[in-house]
Amino acid sequence: MTPLDAIMAALKALRLNMLRSILTALGIIIGVAAVIIMVAIGAGAEARVEMIIRSMGANLMIILPGSSNTAGVRQGRGSRPTISEDDAAAIRSEIPSVHSAAPSIRGQAQFIYGNLNWQTQIFGATRDYLDAREWPVARGRAFTDDEIRTGAKVVLLGKSVVDSLFGEIEPIGQTIRLDRVPFEVTGILQQKGQSPFGFDQDDTAIVPLVTARQRLLGGRWLSGRTVGSIHVKFRNPESMEAGERQLRELMRQRNRLRPNQEDNFQIRNLSQIVESRAETTRVMTILLASVASVSLLVGGIGIMNIMLVSVTERTREIGLRMAIGAESGDIRRQFLIEAVTLSLIGGLIGIGLGIGGSHLVADLAEWPVLIEIDSVLVAFGFAAVVGVFFGFYPAHKASRLDPIEALRYE
Amino acid sequence: MAANCAIVRVEGLARNYTVGPQVVHALVGVSIEIARGDFVAVMGPSGSGKSTFMNLLGCLDSPSGGQYDLDGEDVSRMSRDKLAATRNRKVGFVFQQFNLLPRMSALANVELPLAYARVPRRERHRRAARALDAVGLSDRAHHQPSQLSGGQQQRVAIARALVNDPMLLLADEPTGALDTRTGEEIMELFVALNRRGITVIVVTHELEVAQYARRILRFRDGELIADEEVEGRRLVHGANAAEAPS
């Protein structure tokens, strides 16, 4: 018997007991579908976390000023101007693993266009800021070097601001007023969505740092070169741990802190926060995957059970096949192929259900799902392994039958 | 292979079964030769050892003692798989209950031994069709056993037994499940096949069936008690132009 003969014979035998075959394969079907759905949900969640990290800017740390401490009375965060544009420049030049360091200041402004107005936050920043936060200009253009140096009255708008003020009108090239100062809209920032903490990151605008200092925010930013935050982008994720130490050391040095003094600034590593959340998802995935493997195991036992029944039912057939020349190996192969075919068909149906189910989860529960081809292959391979493992004993039993006894079996 | 070599030569063939603490002697020291092209009937009451004898001749079983040469080859010490291969190449079986696989066409049933002989698919079709033709059933090739009469089913079984050109055809009560008329047709088919040179051994308890043979072996209590020529051998009436393959 060629393998093709055996597969055809197996398909025929399974078709004769269609309902029984499907019920038997149910364990495998559910197991495979569960594996695929679980992995899809896990991968979807992970992909979303990754997207969130990316929306903040990957490999990113933020340096914020510390609180002032006057005779034991501590003010809030940022109450002491301890970081400056010069710090940013020093970070850039002294820590090799730093890709860019972008100083920025933040404040509120009333945006007015035509008869509409809208209050939102504005950032005074350089082009490095867009780079660090991986925030490209979707339409129009970023600031030129000249505009940054001279403090030109140009503004980049976030998507939500555009929606609130312009509606259908093309905003690029329009003049809007921020508080009382007219600005030209040079570009629109790409949409970023919510921050991990639920803020609308698109409800914002960016102007050159110098412009923000001189024309808009003034006040405590007006004097000197202090800034509200520095976004530090590293070249790769591996350099971040060492980078954070170097950053702290450099900042302490620049602030002339003695070893026993507390930091007067803060370093925040946002990817860490998000990654801990990803870890939770991962644990969840592992848990659900083990539930799925239990289902596959139960499915395998079902296959063994039904194959044992099948061997008994077909004892005469086995006897006859042996009488006309089937060797033990032929019989063993026949039943093994039947078991594997059963589990692989279950696997295929399971893949179909798993992919369909993943889409259903995506639509109904609005969870992000991501079907990974690896998980499909692994689930399918696992189904095959289950078929071989649990099909072996019944097949072996069939192959050891005595042809005379088998032929006489009623 | 010796020149005048008998197709079956058994010497002191014995078969014991252990049932619990008891040893049952199903066959004790049978010695006999069957010539190539002979037609032999094996008779005896149940428990006489005739079935055990047939199982041994058909290489379905191995003897506890003695020797069995089939076609000049000692098969008494062969492994299971060697025996299977020998059955496949040298022996054709016909059973009382036909033992066709249900829901497989007649042609597919006939092809089965060729599949185990690793004959290529195309040739299998060709040879199975020829074997069906030899038993006069070429027009039923695509019928399933359940769509065939008992006699037709037995013919398909005979075609299956013949398809791999065996030298020995073993039939165990081949007419037991058929009416008299159909039984006669089947026996006539055996006679025709025998005339084409194939050695036929039939187990039966009906003398009318045995009388188609040239020679009758009688068994009792595990022993061969008589080995006689058939006098007044039944003639084949109704010209059954059966043609053995090859």
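Our structure is the block above this text.
Conventions we followed
Residues numbered from 1 in each chain as written. Chains lettered and ligands numbered in written order. Predicted model: local features only at pLDDT ≥ 70, side-chain atom pairs only at ≥ 80, totals over all residues. Helix = DSSP H or I, 4+ residues; strand = E, 2+ residues; numbered from the N terminus. Rg over C-alpha atoms; globule rule 2.2 N^0.38 Å. Buried ≥ 20, exposed ≤ 12 C-beta atoms within 10 Å, placed from the backbone. Contact = placed C-beta atoms within 7 Å. Pairing = 2+ DSSP bridges.

*Asks:* Any chance you could explain the overall build of chain A here in plain terms?
*Replies:* The helix and strand tally for chain A stands at 13 helices and twelve strands. Against the globule reference of 22 Å for 410 residues, chain A gives a C-alpha radius of gyration of 33 Å, more extended than a compact globule. With the principal axes as the frame, chain A shows a C-alpha extent of 105 × 60 × 35 Å. The 410 residues of chain A split such that 43% are buried. Sequence-distant contacts, at least 24 apart, represent 81% of the contacts inside chain A between residues at least 6 apart.

*Asks:* Explain the overall build of chain B to me, please; I cannot follow it from the model alone.
*Replies:* A count of helices and strands for chain B gives seven helices and ten strands. Computed over C-alpha atoms, the radius of gyration of chain B comes to 18 Å, within 12% of the 18 Å expected from 2.2 N^0.38 for 246 residues, which places it in the range of a compact globule. Scored against the burial criterion, the 246 residues of chain B give a buried share of 46%. Sequence separation of 24 or more characterises 69% of the internal contacts of chain B that already satisfy a separation of 6 or more.

*Asks:* Hey, could you run me through the pairing of strand 1 (residues 8-19) of chain B in this one?
*Replies:* Side-chain positions along a regular strand alternate between the two faces of the sheet. All names here are of chain B. Bridge analysis of strand 1 against strand 2 (residues 22-34) gives nine bridges, and the strand direction is antiparallel. Along strand 2, the bridge assignment pairs Arg15 with Leu27. Remark: two residues form the turn of the hairpin made by strand 1 and strand 2, two consecutive strands paired antiparallel; Gly20 in that turn has positive phi of roughly 60°. Of the strand pairs in this sheet, strand 1 and strand 4 (residues 65-70) are connected by five bridges, and their pairing is antiparallel. When the bridges of strand 4 are listed, Ala14 appears paired with Gly65.

*Asks:* Just to check I follow, could you spell out helix 3 (residues 106-116) of chain B for this structure?
*Replies:* Each full turn of the α-helix corresponds to 3.6 residues, which orients residues three or four apart in the same direction. Burial within helix 3 of chain B is extensive, with eleven of its eleven residues counted as buried. Considered for burial, the residues of helix 3 of chain B that qualify are Ala106, Leu107, Ala108, Asn109, Val110, Glu111, Leu112, Pro113, Leu114, Ala115 and Tyr116 of chain B. Of the surrounding elements, those touching the buried residues of helix 3 of chain B are helix 1 (3-16) and helix 11 (328-364) of chain A together with helix 2 (80-90), helix 4 (121-134) and helix 5 (150-162) of chain B. Two residues or fewer after helix 3 of chain B comes Arg118 of chain B, characterised by a positive phi angle close to 60°.

*Asks:* Whenever I open this one, the sheet that holds strand 1 of chain B confuses me. Can you help?
*Replies:* Strand pairing in a sheet takes place through backbone hydrogen bonds and is either antiparallel or parallel in direction. Reading across the sheet, the four strands line up as 2-1-4-5 (chain B) and stay open at both edges, with antiparallel pairing between neighbours. For this open sheet the edge positions go to strand 2 and strand 5 (73-74) of chain B, each flanked by a neighbour on one side alone.

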